[in-house]
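As a plain string of letters, each chain reads:
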Amino acid sequence: MPAVDWAALFGHFLLLSLLSIGGAITVVPDMHRVLVSQMGLLTGAQFNASVAIAQASPGPNVLFVAVMGYQAAGLLGAGATLTAIMLPSTTLALAAARWAHAHRDRRAVQAFKAGMAPIVLALMLATGWILSAETPGWRHLVLTVAAALLIWRTRVHVLVLVAAGAVAGVLGWV
Amino acid sequence: MSAESPELARPASPKELFFAFTWLALQGFGGVLAVAQRVLCEDRRWLSREQFLEILAVGQVLPGPNVCNVALMVGDRFFGWRGAFAALAGMMTVPLVIVLILTAVYAHFALHPVVASALKGMGAVAAGLIAGTAFRLASALRFSPMGLPVCAAFGALAFAGVALLRWPLVWVLLGLGALSCAYTWRRLRAAAAARAG
């Protein structure tokens, strides 16, 4: 890949980092536009596979960005896209957290934290809803609801639930 | 809100943060947030549920992956930028190696029907984990200055907007979020005035 393309890729992901309110998954449509349509670095199938692989793998979902970079330009590509998507947002997050902590007694900071709490919880619920709506079917729903009840009401280990889900899938129950 | 409950613990070193975040990231299939809440609040007791929600609120509104923002802020709270870096590196390093290995062997495993059906079951569980964690954290709302009915109303609106009507997240955060914060601000001011008067 020519140096100009490296710079364009790196620069674009730096920009997307600052736009990714709600996580890197929210800027996926624009990544598709640049990587697949505009630069032709990935095929559409490779692009979709990148998201799927990262979701099947443990760890933060943002790692799909490294998978895209890897498929486009090997390890160097993975390093470039992941660094670019993380650097601006982490710097900003750290600065904002310090500011909020230093001014934690201000009414505006307290109003922000308390006011956002119900919205943040609703967004988590919405994430569960959207993820579960992707695969319709009542058995799938039963598994989802059972996992939700168990994590809410009991102290059963997360890995036990994930493993149970895998077993249920292999046995053809979902 | 800044009062720390006495039974909370704290990590001994940035190294402990690194390994704690590595371990919690490795348990997170289809999202780390549910595991992060479990490990940080219930297992390690480094944060109360209220503190976790506050950190999450800041992490949600800012750009960037939410769980990475949470890792940074938790690390920073205990050991400054060294802690922030240790927590984030812990969350990313080993999972990055795993996901790249998976990518390299993707063609061999992705089409395998056993793997595909296992992933389907794990996906159903992941959806349940994130929803169940929201219910678990909701217990923290009983301390909210907004009062529970108003909390529930804003939560229901935000859920309907994002999950059912599929509004862009930015508008929900900026629009409903601003309304909710403004309402809370007025409540806090009224409470302060009542105390003073």
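Residues numbered from 1 in each chain as written. Chains lettered and ligands numbered in written order. Predicted model: local features only at pLDDT ≥ 70, side-chain atom pairs only at ≥ 80, totals over all residues.

Trainee: Hey, could you go over the overall build of chain B for me, with residue numbers and the actual values?
Mentor: Looking only at helices and strands, chain B has eight helices and zero strands in total. Counted from the first residue to the last, chain B has its helices and strands arranged as α-α-α-α-α-α-α-α. Taken along its principal axes, the extent of the C-alpha atoms in chain B is 70 × 45 × 25 Å. Buried positions account for 51% of the 197 residues belonging to chain B. (Helix = DSSP H or I, 4+ residues; strand = E, 2+ residues; numbered from the N terminus. Buried ≥ 20, exposed ≤ 12 C-beta atoms within 10 Å, placed from the backbone.)

Trainee: Please set out the overall build of chain A residue by residue, giving values where relevant.
Mentor: Secondary structure summary: chain A contains seven helices and zero strands in total. Relative to a compact globule of 174 residues, whose C-alpha radius of gyration would be 16 Å, chain A shows 20 Å and is clearly more extended. Projected onto the principal axes, the alpha-carbon positions of chain A cover approximately 55 × 55 × 25 Å. Each of the 174 residues in chain A was classed as buried or not, and the buried ones make up 49%. The long-range fraction of contacts in chain A, counting pairs at least 24 apart against all pairs at least 6 apart in sequence, stands at 43%. (Rg over C-alpha atoms; globule rule 2.2 N^0.38 Å. Contact = placed C-beta atoms within 7 Å.)

Trainee: Account for unusual backbone geometry, with residues named and values stated.
Mentor: Residue and element names in this part refer to chain B. Residue R45 is not a glycine yet carries a positive backbone phi of 60°. Mapped onto the elements, R45 comes out in the loop between α2 (33–43) and α3 (49–61). Looking at R45, the number of C-beta atoms within 10 Å reads 14, which means it is partly exposed. The phi angle at R166 is positive, at roughly 55°, despite the residue not being glycine. You can see R166 is positioned in the loop between α7 (148–164) and α8 (169–196).

Trainee: Account for helix α3 (residues 44–56) of chain A, with residues named and values stated.
Mentor: Owing to its 3.6 residues per turn, the α-helix brings residues three or four apart onto one side. For α3(A), which comprises 13 residues, the first-to-last C-alpha distance of 19 Å matches the rise-based estimate of 18 Å (1.5 Å per residue) to within 8%. Among the residues of α3(A), A:F47, A:A49, A:S50, A:I53, A:A54, A:Q55 and A:A56 are the ones counted as buried. (Expected span 1.5 Å × (residues − 1).)

Trainee: Talk me through the domain arrangement of chain B; I want residue IDs and the actual numbers.
Mentor: All names here are of chain B. If you check the domain split of chain B, you get domain 1 (7–105 + 127–143) and domain 2 (144–197). Spacing between the C-alpha centres of domain 1 and domain 2 amounts to 25 Å. By residue class, the composition of the side of domain 1 that touches domain 2 is three nonpolar, one polar and one charged. (Domains from an automatic or database assignment. Nonpolar A, V, L, I, M, F, W, Y, C, P; charged D, E, K, R; others polar.)

Trainee: Let's hear about the packing of α2(B) against helix α4 (residues 66–104) of chain B: which residues, and what values?
Mentor: Residues and elements named next belong to chain B. Taken N-terminus to C-terminus, the directions of α2 and α4 make an angle of 25°; their axes are 10 Å apart at the nearest point. Considering their axes alone, α2 and α4 lie roughly parallel with respect to each other. Classified by chirality, the crossing of α4 by α2 is left-handed. Listed contacts from α4 to L33, A36 and L40 of α2 are N66, V67, V70 and V74. Residue composition of the contact of α2 with α4, by class: six nonpolar, one polar and no charged. (Axes fitted to C-alpha atoms, helices over the stretch in contact; angles between N-to-C directions. Parallel < 35°, antiparallel > 145°, perpendicular 65-115°, else oblique. Left-handed = near helix turned anticlockwise from the far one by under 90°.)

Trainee: Summarise the environment of A:V27; cite the residues concerned and give the values.
Mentor: Residues and elements named next belong to chain A. Relative to the assigned elements, V27 resides in the loop between α1 (3–19) and α2 (28–38). On the basis of neighbour counts, which here come to 22 C-beta atoms within 10 Å, the residue V27 falls in the buried class. In this structure, the C-alpha to C-alpha distance between V27 and W6, residues 21 residues apart in sequence, is 19 Å. Not counting residues up to four positions away in its chain, the partners in contact with V27 are L16, L19 and S20.

Trainee: I'd like a rundown of the interface of chain B and chain A, residues and numbers included.
Mentor: Counting residues at the interface gives 91 residues for chain B, matched by 85 residues for chain A. When residues of the side of chain B that touches chain A are traced back to their parent elements, those giving at least two are α1 (14–26), α2, α3, α4, α6 (113–137), α7 and α8 of chain B. Of the residues in the side of chain B that touches chain A, the class split is 63 nonpolar, 22 polar and six charged.

Trainee: A description of the packing of α1(A) against helix α4 (residues 64–102) of chain A should follow, citing residues and the corresponding values.
Mentor: Residue and element names in this part refer to chain A. Where α1 contacts α4, the two axes come as close as 7 Å, and the packing angle between them is 35°. Handedness of the crossing formed by α1 with α4: right-handed. Packed against α1, whose contacting residues are W6, L9, F10, F13, L14, L16, S17 and L18, the element α4 presents A80, T81, A84, I85, M86, L87, P88 and S89 at the interface.

Trainee: Go over α6(B), please, and point to the residues and values.
Mentor: With 25 residues, α6(B) extends 36 Å from end C-alpha to end C-alpha; this agrees with the ideal 36 Å at 1.5 Å per step. Summarising burial for α6(B): 19 of the 25 residues are buried, a large majority.

Trainee: Give me the confidence of the model for chain B: which residues, what numbers.
Mentor: Residues and elements named next belong to chain B. Averaged over chain B, the pLDDT score is 90; the fraction of residues at 70 or greater is 94%. Mean pLDDT across the elements of chain B bottoms out in helix α5 (residues 106–109) (68) and peaks in α1 (96). Among the scores for the predicted complex, ipTM is 0.85 and pTM is 0.85. (pLDDT = per-residue confidence, 0-100.)

Trainee: So what's going on with the environment of A:A148? Which residues, and what values?
Mentor: Residues and elements named next belong to chain A. In this structure, A148 sits in helix α6 (residues 138–153). Looking at A148, the number of C-beta atoms within 10 Å reads 26, which means it is buried. Separated by 40 residues in sequence, A148 and A108 place their C-alpha atoms 34 Å apart.

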